[in-house]
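# Descriptive structure summary
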Amino acid sequence: MSPDTCVAAGPLLADRLARAITLAGPIPLAQFMAAANAHYYATRDPLGASGDFTTAPEISQMFGELVGAWIADLWHRAGRPAMHYVELGPGRGTLAADALRAMAMADLTPPVHFVETSPVLRAVQAGRVPDVIWHDDVSTLPDDAPLIVIANEFFDALPIEQIVRAGDGWHRRLVACQDTLFLPIAGPLVPDAIVPGHLRDAAPGTIIETSPASVAIIRALSARLVAQGGALLTIDYGYAGPALGETLQAVRGHRFANPFEAPGEQDLTAHVDFATLAAAAIAEGARAWGPVAQGSFLTALGIDQRAAALGRSVRKDRDRLVETDQMGGLFRVIAITAPSWPEPAGFAA
């Protein structure tokens, strides 16, 4: 059976994807990932012990409180302007609730905006953060005041493209379907010009990832920051690229899984290329800070002092957030600011 023919079985999304591939041929990886994650997040709360993964705000209140303190400090040094709090992909609203509590202690109580499309998660968020204003995308965010935008584990879930090196050049990676199984295949050749010069002669089988969706959002938000003022704080796992290698992965039940199995029933992510995001922000006239390790960022903001105040019971949570062999080393942090705004805390050399 050829890769573009498939008799589908299983969940409705898998049926639809298989039908699309049967009728029109293999689809881009970004299309497959976008459809899978849209269905996944729209139909469940994936967080916590009973879900598929746990994020830093769910580990400890310290994470959100320190983000709130970071915002309050930056706002104060920027002259205490009217502003809007924005969070991209806010999960259960836990980070926002903790951050807003810390911000209120500094007399900062801004309107709250969530960019969230999942009806399941919106219902949970409404219970955590009263009076929140929801948006389907960043285009409808307010334009009347500076924005402080928080994106924790947001960009890793956006669709990626992959190109794979073969003997005759670089090919776009597609997703086909064969015998009810989805699988990646090499698609059409792409121009050498889109491959960074120092990576073009990589060995056959090498993969390069890009995320046009992430770059588009960063550029849109950076243009807003330049025009309105404010800052964006992004925390995620990733690297400073462009670089070689595949990072696409799936998580289900707190275990890694095959990303091409059960589309829409597991979380698909890829590591974030922080250097490319920073370059996109700078291209719009914004300033970029970092990346720095999450552990060093939280330490600079005072997590050790906050942990001491909360008592010995939070020591394990502090270690998970800060230590280099845990999230503290795996996750990176960058900030993007309006050119007229002060240097944000946590990024000093």
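All of the points below concern the structure found in this document.

### Topic: the pattern of salt bridges
Two side chains that carry opposite charge are able to pair once their charged atoms sit near each other. In this structure the tally under the stated criterion is 15 salt bridges. Put simply, E161 and R172 hold a salt bridge, and the shortest N to O gap is 3.0 Å. With E161 in strand β6 (residues 161-166) and R172 in strand β7 (residues 169-178), this residue pair connects regions lying 11 residues apart in the sequence. Its relative accessible area of 30% is what places R172 among the partly exposed residues. The closest approach of N and O atoms between E323 and R318, which form a salt bridge, is 2.5 Å. The class for R318 is buried, based on a relative accessible area of 8%.

### Focus on unusual backbone geometry
Following G290, the chain continues to P291 via a peptide bond in cis, the omega torsion being 10°. On the secondary structure map, P291 appears in strand β15 (residues 287-293). In this structure, R80 is a non-glycine residue whose phi angle is positive, near 55°. Position of R80 among the secondary structure elements: in the loop between α4 (61-77) and β2 (84-88). You will see that D107, though not glycine, has its phi angle at about 65°, which is positive.

### Here we look at the layout of surface pockets
Here the largest pocket is characterised by a volume of approximately 1200 Å³. Y41, E153, D156, A157 and D267 are the residues nearest the centre of the largest pocket, which is lined by 48 residues in total. At the level of secondary structure, the elements contributing two or more residues to the lining of the largest pocket comprise α2 (29-42), α3 (56-59), α5 (94-104), β11 (249-252), β12 (255-257), β13 (267-269) and α12 (327-330). Broken down by element, the residue count for the lining of the largest pocket peaks at four residues, all from α2. Counted by class, the lining of the largest pocket contains 23 nonpolar, 13 polar and 12 charged residues. In this structure, the second largest pocket spans a volume of roughly 460 Å³. E209, T210, S211, D273 and T276 are the residues nearest the centre of the second largest pocket, which is lined by 25 residues in total. Of all the secondary structure elements, the ones that give two or more residues to the lining of the second largest pocket are β6, β9 (207-210), α7 (212-228), β14 (272-273) and α8 (274-283). Of the residues assigned to the lining of the second largest pocket, the class counts are 14 nonpolar, six polar and five charged.

Rules behind the numbers
Residues numbered from 1 in each chain as written. Predicted model: local features only at pLDDT ≥ 70, side-chain atom pairs only at ≥ 80, totals over all residues. Heavy atoms only, no water. Salt bridge = Lys/Arg side-chain N within 4 Å of Asp/Glu carboxyl O. Helix = DSSP H or I, 4+ residues; strand = E, 2+ residues; numbered from the N terminus. Buried < 20%, exposed > 50% of the residue type's maximum accessible area, 1.4 Å probe, protein only. 1 Å grid on protein atoms, 1.4 Å probe; cavity = no way out; pocket = protein on both sides within 12 Å on 5 of 7 lines; lining within 4 Å. Points joined across faces, edges and corners; volume = space filled by probe spheres on them. Nonpolar A, V, L, I, M, F, W, Y, C, P; charged D, E, K, R; others polar.

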